[in-house]
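# Coordinates in review
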Amino acid sequence: MAYSVTSRTLPIAQISRSAIRQNLEPLDRAALVSVEHDALGLGAELVTDIAHELGFLGVHVGLDEIEVFDGKPRPRGDAAHAAEHVAGLVDGTTPAVRYVGQVLGVKALKTGEGVSYGHTFVAPADTRIALVTGGYAQGLVRSLGNQLTVLIAGERRPIVGRVAMDVCVVDLGDATVNDGAEVVFLGDPARIEPSIAEWAEITGMSPAELVAPLGLRARREVTA
């Protein structure tokens, strides 16, 4: 199977406005809200707008950049609510990022046949695999290959083989999956979607390191 990945078929980082709002609601309005690194890929403008709506003092853009909504000068050392809290990356918060790809095609994989570069996965039995949009160029860390299970057709199924630049391969087993089907790489564990904790455990990276590239490299869409 040979496919050309275009902007229309890039994976999507779905940013939940309601989740960001929910994460901000219980916080102290007198403190700043951090929007460093484009609010960890959520979109600095989006988070700033929500913080303004909720009556926060302002936002912390970076070491020397502070935007205060009331126009009053503030010392540079003001504490800011962590971007990890806003993005829902800590216990007790709601995940604000859902990262999804789509199935480009499905094919049979016979016993003994390998997948992706170097054949790090060889099928132990006949199965079916899906080529899915989303690779390391869009923030799907290479070490997730042969480790992470994704949500597809209501089931958790493993990524097999090495994650390529723009695509990866998912072992479907006997699941019925059609071209264009949604594949959830990251989301809300309450909906049996892969969690940021799973990504962190597999990769050894921090949640912030993992989430920030998603909204910056994939297509970013704001949801309700």
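Residues numbered from 1 in each chain as written. Predicted model: local features only at pLDDT ≥ 70, side-chain atom pairs only at ≥ 80, totals over all residues. Heavy atoms only, no water.

## Comments concerning unusual backbone geometry
Note the following rule: Strands here are runs of E lasting at least two residues and helices are runs of H or I lasting at least four, both read from the DSSP assignment and numbered beginning at the N terminus. The buried label applies to any residue whose accessible area, calculated with a 1.4 Å probe on protein chains only, is under 20% of its type's maximum; exposed applies above 50%, and partly exposed to all values in between.
In the Ramachandran plot, Asp38 falls in the positive-phi region, its phi being about 55° despite a non-glycine side chain. Structurally, the position occupied by Asp38 is in helix α2 (residues 36-40). Accessibility expressed as a relative area gives 26% for Asp38, which makes it partly exposed. Phi is positive for Asn146, close to 65°, though the residue is something other than glycine.

## Things to note about the packing of aromatic side chains
As a reminder of what qualifies: Between rings of Phe, Tyr and Trp, where Trp is taken as its six-membered ring, a pair exists when centres lie within 6.5 Å; planes separated by under 30 degrees are stacked, by over 60 edge-to-face, and by other angles tilted.
Applying the stated criterion across every chain, the model contains two aromatic pairs. Ring geometry for Tyr99 and Phe185: centres 5.5 Å apart, planes at 40°, overall tilted. Of this pair, Tyr99 sits in strand β6 (residues 97-109) while Phe185 sits in strand β13 (residues 182-186), placing them 86 residues apart in sequence. In terms of burial, Tyr99 and Phe185 fall into one category: buried. For the ring pair Tyr99 and Trp199, a centre distance of 6.4 Å and an interplane angle of 75° mean the geometry is edge-to-face. Of the two residues, Tyr99 is situated in strand β6 and Trp199 in helix α5 (residues 196-203); the sequence distance between them amounts to 100 residues. Its relative accessible area of 0% is what places Tyr99 among the buried residues. Every member of this aromatic cluster is reached through a ring pair, and the members are Tyr99, Phe185 and Trp199.

## With respect to α5
In an α-helix, one turn spans 3.6 residues; hence positions three or four apart end up facing the same way. The following threshold applies: Arc, as used here, means the arc of the directions from the helix axis to the C-beta atoms.
Listed in full, the buried residues belonging to α5 are Ile196, Trp199, Ala200 and Thr203. Viewed end-on, α5 has its buried residues packed into an arc of 95°, placing them on one side of the element. Within two residues after α5, Gly204 carries a phi angle of roughly 75°, on the positive side.

## Remarks on the confidence of the model for the chain
Let me state the cut-off plainly: In predicted models, pLDDT denotes the confidence assigned by the predictor to each residue on a 0 to 100 scale. Every residue pair with non-hydrogen atoms within 4.5 Å of one another is taken to be in contact.
Mean pLDDT for the chain: 91, with 92% of residues reaching 70 or above. This model gives residues 1-6 a pLDDT under 50, and the stretch forms eleven contacts once residues within four places in sequence are excluded.

## Topic: the environment of Gly62
By secondary structure assignment, the location of Gly62 is in strand β3 (residues 58-62). Linking Gly62 and His37, residues 25 residues apart in sequence, is a C-alpha distance of 8.1 Å.

## Topic: the pattern of salt bridges
Going by this rule: Think of a salt bridge as a Lys or Arg side-chain nitrogen and an Asp or Glu carboxyl oxygen that are within 4 Å of each other.
Scanning the entire structure with this criterion turns up ten salt bridges. Taking the shortest distance from any N to any O, the salt bridge between Asp38 and Arg220 comes out at 2.8 Å. Pair noted here: Asp38 is in helix α2 and Arg220 is in strand β14 (residues 219-223), with a separation of 182 residues, a long-range link. A salt bridge links Arg98 to Glu193; the shortest N-O distance between them is 2.9 Å.

## Concerning the pairing of β13
Inclusion rule: Strands are treated as partners if at least two bridges between them are detected by DSSP.
Counting buried positions along β13 yields four of five residues, so the element is predominantly enclosed. When β6 meets β13, the two strands line up antiparallel, connected through four bridges. Within β13, the position partnered with Gly101 by the bridge is Val183. The sheet contact formed by strand β10 (residues 149-152) and β13 spans two bridges and is antiparallel. Bridge pairing links Leu151 to Val184 in β13.

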